[in-house]
Amino acid sequence: MSLKDLESPGGLRRRSVLLGAAAGAGALALGTTVLAGPADAAAAFVKGADVSWLPQLEASGYIWKDRNGVQRDLLSILKDYGITAVSLRTWVNPSSHPTNGHCSIEETAQLAQRAKNAGLQVLLGFHFGDTWNSAGVQNPPAAWAGMTYAQMLKAMNDYVYHSLNVIKYYGVTPGWVKIGNEQNSGICKPTGSLSKPAQMTGLLNAAYDMSKLVFPSTPVLVHLAQPQNLAGVQNFLNAYRSNGGRWDITGLSSYGQGGNVPGILANMQTIQTTYGKPIMHVEYGGPVGKPTQVRDSLKAFVSGIKAFGGLGTFFWEPEGYPSLTAYNSSAWDEATRRPTAALDGFL
């Protein structure tokens, strides 16, 4: 099969048997155990890291050393901290900018294959844009911007189907698929805005259905930011659920530190209980200059989420050296190229 063969979900009925075989045993096992209760969830708790910048950092000449000062492959070093999964974002038609571009599905699939070969699971995250989408920004890909809702629905079906078949082509079955990124206000606005809940839900259900078609046993996440603002998360989930929205896990971003963590954990537990879906903490980080604070807050998140049966915690781009990325919540010391104490929160 070539990448050209993966263009459209047309003829889905004819392909369903073939695609149904794509389910990974590991994903199936995870999906059945994590919902069983807090004790089982704690045993299978996922420790992860988003490393989407890794190829561009390497292309720019950056290296990583372990805590002993030995230069090694980044993924190998992360495994020293008990990390078992990576999160990888993908954009529709990205630029070649080193930090705000790349992450096309082909590039992402190659990195996913590298992670799989390193013994790591993959969380694949769709932004449904050409660059960053987040709590404050939800722009559609430029190619979709002038579409009607019906046209965008078809584009969503085609895009997710094609993208996941590219991932499959590279021999990877994702552990999880995330349909959207910090989508509190909707996706592909204004067409899929929260203020148009039926259309928002239609677009996301299309992404959910295509995900299940290609990888039937892979859990699918929606992703909300700022669980400290419980009402903001509930506004999305209430609208999505009321319109027939489908999802398996509620992904949450929180960079909370210190005394803010207990309240955030309480809200996370409320979200899990209210909607009957396990939560996963898909983004965490803190000031690179305060590694012990970040470590202690990470420990608090890990232990707290385990206690109520949440699924895991991901550190967002711990390898991201600020001199290239301008991101100041990473976990590597730029002077020594060694990990900071922040990652010890996983130990």
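Since this is a predicted model, take the numbers as computed values, not measurements.

S.K.: How should the overall build of the protein be read in this particular structure?
M.R.: What the protein contains, in helices and strands, is 12 helices and 10 strands. For the protein, long-range pairs separated by at least 24 residues make up 77% of all intrachain contacts whose partners lie at least 6 apart in sequence.

S.K.: Looking at this structure, I do not really get the layout of surface pockets. What am I missing?
M.R.: Space left empty within the atom packing is revealed by a probe, the size of a water molecule, rolled over the atoms. Looking at the largest pocket, its volume works out to about 240 Å³. Surrounding the largest pocket, 21 residues form its lining, His127, Trp132, Asn181, Glu283 and Trp316 being those nearest its centre. Taken together, the elements giving at least two residues each to the lining of the largest pocket come down to strand 2 (85-90) and strand 9 (279-283). Element by element, the count of residues in the lining of the largest pocket is highest for strand 2, at 3 residues. For the lining of the largest pocket, the per-class residue count stands at 6 nonpolar, 10 polar and 5 charged.

S.K.: What exactly am I supposed to notice about the nonpolar core here?
M.R.: Across soluble globular proteins, you tend to see nonpolar side chains buried next to one another. Core analysis: the biggest nonpolar cluster contains 85 residues, and Phe128 and Ile179 have the highest contact counts within it. Counting residues in hydrophobic clusters, the runner-up holds 10 residues, among them Trp176, Ile249, Val282 and Phe314.

S.K.: Quick question: what am I supposed to make of the side chain of Thr191 here?
M.R.: Mapped onto the fold, Thr191 is located in the loop between strand 5 (186-187) and strand 6 (192-193). Setting aside its immediate chain neighbours within four residues, Thr191 contacts Met147, Tyr149, Met152, Lys196 and Gln199.

S.K.: Whenever I open this one, the pattern of salt bridges confuses me. Can you help?
M.R.: Opposite charge on two side chains makes pairing possible when the charged atoms of those side chains draw close. With the rule as written, the count across this model stands at 10 salt bridges. Measuring nitrogen to oxygen at the nearest pair gives 3.7 Å for the salt bridge that ties Asp50 to Arg89. With a gap of 39 residues between them, Asp50 in strand 1 (residues 46-50) and Arg89 in strand 2 connect regions that are remote in the sequence. Take Asp50: its relative accessible area is 4%, and that puts it in the buried class.

S.K.: How do you make sense of the packing of helix 6 (residues 105-117) against helix 7 (residues 149-169) when you look at a structure like this?
M.R.: A packed helix pair is summarised by two numbers, namely the angle formed by the two axes and the spacing between the axes. For the pair helix 6 and helix 7, interaxial distance at closest approach is 9 Å and the crossing angle is 35°. Our pair here, helix 6 against helix 7, has a crossing hand that is right-handed. Of the residues in helix 7, those in contact with Ile105, Glu106, Ala109 and Ala112 of helix 6 are His162, Ser163, Val166 and Ile167. Residues that form the contact of helix 6 with helix 7 fall into these classes: 5 nonpolar, 2 polar and 1 charged.

S.K.: Help me understand the packing of aromatic side chains in this model?
M.R.: Working definition: an aromatic ring pair is given by the centre-to-centre distance plus the angle between the planes. On inspection of all chains with the given rule, the structure shows 18 aromatic pairs. Taken together, a centroid distance of 5.3 Å and an interplanar angle of 70° make the contact between Trp53 and Trp316 edge-to-face. Of this pair, Trp53 sits in the loop between strand 1 and helix 4 (54-59) while Trp316 sits in strand 10 (residues 312-316), and the two are 263 residues apart along the sequence. By the burial criterion, Trp53 is buried, and Trp316 matches it.

S.K.: When you look at the pairing of strand 7 (residues 220-225) in this model, what are you seeing that I'm missing?
M.R.: Consecutive side chains of a regular strand alternate in pointing toward one face of the sheet and then the other. The buried fraction of strand 7 is high, at 6 of 6 residues. Residues Val220, Val222 and Leu224 of strand 7 are buried on one face, and the alternating residues Leu221, His223 and Ala225, pointing to the opposite face, are buried as well. Pairing of strand 4 (residues 176-179) with strand 7, which is carried by 2 bridges, proceeds in the parallel orientation. Paired with Lys178 across the two strands is Leu221, which belongs to strand 7. Where strand 7 lies against strand 8 (residues 249-253), 5 bridges are found, and the strand directions are parallel. Its bridge partner lying in strand 8, His223 is registered against Gly251.

S.K.: So what exactly am I meant to see when it comes to the environment of Gly309 here?
M.R.: Following the sequence through the fold, Gly309 ends up in the loop between helix 11 (291-307) and strand 10. Judged by relative accessible area, which is 5%, Gly309 ranks as buried.

S.K.: Explain helix 11 here, please?
M.R.: An ideal rise of 1.5 Å per residue puts 24 Å on 17 residues; helix 11 measures up with 24 Å between its terminal C-alpha atoms. For helix 11, the full list of buried residues reads Val294, Ser297, Leu298, Phe301, Val302, Gly304 and Ile305. Taken together, the buried residues of helix 11 touch helix 10 (261-275), strand 9 and strand 10. Remark: Gly309 follows helix 11 within two positions and exhibits a positive phi of approximately 90°.

S.K.: I keep staring at helix 10 and nothing clicks. Help me out?
M.R.: In an α-helix there are 3.6 residues to a turn, and that puts residues three or four apart on one side. Its 15 residues place the ends of helix 10 21 Å apart at the C-alpha level, agreeing with the 21 Å of an ideal helix rising 1.5 Å per residue. Listed as buried for helix 10 are Val261, Ile264, Leu265, Asn267, Met268, Ile271, Gln272 and Tyr275. Buried residues along helix 10 cover an arc of 160° about the axis, so they all sit on one side. Summarising the geometry of helix 10, the exposed residues directed more than 90 degrees from the buried face are Pro262 and Thr273. Summarising the contacts, the buried residues of helix 10 are in contact with helix 9 (230-242), strand 8, strand 9 and helix 11. In the stretch just after helix 10, Gly276 is the one whose phi turns positive, near 70°.

What counts, and where the lines are drawn
- Residues numbered from 1 in each chain as written.
- Predicted model: local features only at pLDDT ≥ 70, side-chain atom pairs only at ≥ 80, totals over all residues.
- Heavy atoms only, no water.
- Helix = DSSP H or I, 4+ residues; strand = E, 2+ residues; numbered from the N terminus.
- Contact = heavy atoms within 4.5 Å.
- 1 Å grid on protein atoms, 1.4 Å probe; cavity = no way out; pocket = protein on both sides within 12 Å on 5 of 7 lines; lining within 4 Å.
- Points joined across faces, edges and corners; volume = space filled by probe spheres on them.
- Nonpolar A, V, L, I, M, F, W, Y, C, P; charged D, E, K, R; others polar.
- Core = buried A, V, L, I, M, F, W, Y, C linked by side-chain atoms within 4.5 Å.
- Buried < 20%, exposed > 50% of the residue type's maximum accessible area, 1.4 Å probe, protein only.
- Salt bridge = Lys/Arg side-chain N within 4 Å of Asp/Glu carboxyl O.
- Axes fitted to C-alpha atoms, helices over the stretch in contact; angles between N-to-C directions.
- Left-handed = near helix turned anticlockwise from the far one by under 90°.
- Phe/Tyr/Trp six-rings, centres within 6.5 Å; stacked < 30°, edge-to-face > 60°.
- Pairing = 2+ DSSP bridges.
- Expected span 1.5 Å × (residues − 1).
- Arc of directions from axis to C-beta.

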